[in-house]
Structure formats: structure tokens, C-alpha cells
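# An overview of the molecular structure
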Amino acid sequence: GAVVSQHPSRVICKSGTSVKIECRSLDFQATTMFWYRQFPKQSLMLMATSNEGSKATYEQGVEKDKFLINHASLTLSTLTVTSAHPEDSSFYICSAIDGNNQPQHFGDGTRLSIL
Amino acid sequence: GENVEQHPSTLSVQEGDSAVIKCTYSDSASNYFPWYKQELGKGPQLIIDIRSNVGEKKDQRIAVTLNKTAKHFSLHITETQPEDSAVYFCAASTDTGNQFYFGTGTSLTVIP
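Just so it is clear, the structure is predicted and the values come from calculations on it, not from any experiment. (Residues numbered from 1 in each chain as written. Chains lettered and ligands numbered in written order. Predicted model: local features only at pLDDT ≥ 70, side-chain atom pairs only at ≥ 80, totals over all residues. Heavy atoms only, no water.)

## A few points about the layout of surface pockets
What counts, and what does not: Here a cavity denotes grid points, spaced 1 Å and computed from the protein atoms alone, that fit a 1.4 Å probe unable to get out, and a pocket denotes an open set having protein on both sides within 12 Å along at least 5 of 7 lines; residues with an atom within 4 Å of a point are the lining. Grid points are joined across faces, edges and corners, and a volume is the space filled by probe spheres set on the points. The helix count covers DSSP runs of H or I at least four residues long, the strand count covers runs of E at least two residues long, and both are numbered beginning at the N terminus. Residues were grouped as follows: Ala, Val, Leu, Ile, Met, Phe, Trp, Tyr, Cys and Pro as nonpolar; Asp, Glu, Lys and Arg as charged; and all remaining residues, including Gly, as polar.
Within this model, the largest pocket holds a volume of roughly 460 Å³. Surrounding the largest pocket, 23 residues form its lining, Q38 and K41 of chain A together with Q38, L40 and V87 of chain B being those nearest its centre. Mapped by element, the contributors of at least two residues to the lining of the largest pocket are strand 9 (86–92) and strand 11 (106–111) of chain B. Partitioning the lining of the largest pocket into residue classes produces eight nonpolar, 11 polar and four charged. Empty space within the second largest pocket amounts to approximately 170 Å³. L44, M45 and L46 of chain A together with F100 and F102 of chain B are the residues nearest the centre of the second largest pocket, which is lined by 15 residues in total. Elements that contribute at least two residues to the lining of the second largest pocket include exactly strand 5 (44–51) of chain A together with strand 10 (101–102) of chain B. Examining the composition of the lining of the second largest pocket, we find that three residues originate from one element, strand 5 of chain A, more than from any other. A class-by-class count of the residues in the lining of the second largest pocket yields nine nonpolar, five polar and one charged.

Shown next as C-alpha cells:
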């Protein structure tokens, strides 16, 4: 149980393109979903927290107009990297939780490469 | 806010030996401590967790200990196998929030 599916697993695109990443909880309803960014050999950096039906809460230094998050249902959250540039290249990972003080269940990440 | 420190950053052990990874936290309100294993190119996977009302939890070759007074918790892997090689992250969270505060990770290599 507690499976989180993230799609796509890898994206390569040109600078200026907008990229959408989907995160789905397959067998549970996710009250909250999280989006992280991970640089090589580093820990997970929380970008934003989203609750179904409400606006995402962004961490300090994360541009909300650059990284658009939508959490339209209890099983789906999307992250759109708008007008992506090479510095946006990274490993993006989502996670979902089904209640307070419960483990986060992670997707397998999306490797984004902007040329 | 919470600050989680993790040591060591890298660890190499011979197959069959034990591995221990330690984390400390700063917020005494933290009461949930999960451990995640991340293999290359994949997302972190929960391997074991512990809540503040217990001092130790074991699941086959993996165990976690918690010392609330000293604010530290540790992951113990016994009889290590090459497939245990990965990056391990500890985390801490509280009842009042869903946010996890992650350690900086430990890259474990098990040498056959």
C-alpha cells in the first residue's frame, strides 16, 4: 500500500519550455502533498506544501510564479516549471501523506534537464 | 525551527558487518522519526520509523533507537548485504505539522 506515482520520470527540453510533472497517490487519499528538489549528492530541499483545494505554501526563496503547484484532488498534484532555464535542471520529487504525523510516501522523482 | 544533523556522510562496511547512522535533532516537540533509503535515480523509500513513546523498534535486520533526553536517534543495520548500499536519510516531525525535517544523508557502501 501507500504507492505514489510520479510522471514523467525524465524530461529533456529546450530553454523557455514549460514542463508539467504529475504526482498521484494510487491507493490512498493524500491530504497533503509535498514537492522537493534534490541536487546531486545532497538532501531533499522542500519547495512547497500543498493541500487539496487550497493554495500551496512555498518555502522561502522558491518563486511561486516559476513553480506553479495545483492540488485539484485528493489523489493528484501537479508541479509546472514555467519558462524553464538550464538552472532549473534538477531532480524533482513529490511525496504524499494521508494524515497528520504520518510517514511521507515518495514518488520516484523526475529528472528534468533543460538544454 | 527544527535542525536535524546526520553522521557520517559516508560509510563503508564489509558485507556481513553492521552499520550505524546517527541523527540529532533540536526541537523537543519532534515526536516522529522516519528513516528513508534512496537508491540511485529513485525516490526515498520508508524503511522504518519510530515515535517518541518508544525507545527502540526492530524489523528484521534493521533497528532504530531513540533517546529523547539527548535528542538523538540511530539506525542500525546488521548483517549488511550489497543491496543495502544506498543513501539513507533520517527525518523528524511533530504532531502539529506535516513537514519533515531531513538530515543531510549518509551514503552507505557495502563491500562484497
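Let's pick the thread back up.
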